[in-house]
Amino acid sequence: MTVLVLYATIEGHTRKIAEHAAAKLEGAGQGVVLGDVRDPGFAIPGRFDCVLICAPIHIGRYPSPVAQFLTDWKEALAQVPTALVSVSLGINSENAEERAEAEAYPAKLEKKTGFHIPRVHHAAGALKYLEYDFFKRALMRQIVAREGGPVDTSQDHEFTDWAALDAFVQAFADEVA
């Protein structure tokens, strides 16, 4: 079986998640093609046995190439098992309303694209302080301070639960095998 793993990334962490998922699938004996959804090239969903999409939420939405890809390929995607890893900082929040908001984004994506993704995993993202410009670093530090999160801007902070991601990817691989 061959799995298409596509990702969109803003600061690189979702690519890291997609690469990790691809390695897990390869370790389970699956063939994997990994690609950026903004430039899928030959990665046409109908040519693969299943599709895993990894997409971050930034400023309240997924990157537009993710929505465009789902809209353009929804008929082909409907023919194969498809899953989404939705990446956000909100899912890691102590605030139940913020977690609920993060959990609602896949439904908003479905409404926008007309494509239902039946399998969704919510993964916490990362604070990439070292990559932010001065203003974004200050803004993110202020937001994170309100949450009681890490405010040390001299390093990046990852919140991804890799074991939970592995379990989701393994369950997806087992389901489609």
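Given the structure is predicted, the values throughout are model-derived calculations rather than measurements.

**Some points on the layout of surface pockets**
In this structure, the largest pocket spans a volume of roughly 950 Å³. In this structure, the largest pocket is lined by 37 residues; those nearest its centre are Ser88, Leu89, Gly90, Met140 and Ile143. For the lining of the largest pocket, the elements supplying multiple residues, two or more each, are helix 1 (13-27), strand 4 (82-88), helix 3 (96-113), strand 6 (126-127) and helix 4 (134-147). The biggest single contributor to the lining of the largest pocket is helix 4, with six residues.

**Comments concerning the nonpolar core**
Core analysis: the biggest nonpolar cluster contains 22 residues, and Val5, Ile17, Leu25, Leu52, Cys54, Val85 and Val169 have the highest contact counts within it. Counting only elements with at least two residues in this core, the list comes to strand 1 (2-7), helix 1, strand 3 (50-56), strand 4 and helix 5 (162-176). Sorting elements by how many residues they give to this core places helix 5 first, with six residues. Judged by nonpolar contacts, the second largest core, of 21 residues, contains Ala67, Leu70, Leu77 and Ile117.

**Some words on the state of the cysteines**
Counted according to the given criterion, the structure contains zero disulfides. Looking at Cys50, it has no disulfide partner, and the nearest cysteine sulfur is the one in Cys54, 12 Å off.

What counts and how
- Residues numbered from 1 in each chain as written.
- Predicted model: local features only at pLDDT ≥ 70, side-chain atom pairs only at ≥ 80, totals over all residues.
- Heavy atoms only, no water.
- 1 Å grid on protein atoms, 1.4 Å probe; cavity = no way out; pocket = protein on both sides within 12 Å on 5 of 7 lines; lining within 4 Å.
- Points joined across faces, edges and corners; volume = space filled by probe spheres on them.
- Helix = DSSP H or I, 4+ residues; strand = E, 2+ residues; numbered from the N terminus.
- Core = buried A, V, L, I, M, F, W, Y, C linked by side-chain atoms within 4.5 Å.
- Buried < 20%, exposed > 50% of the residue type's maximum accessible area, 1.4 Å probe, protein only.
- Disulfide = S-S within 2.5 Å.

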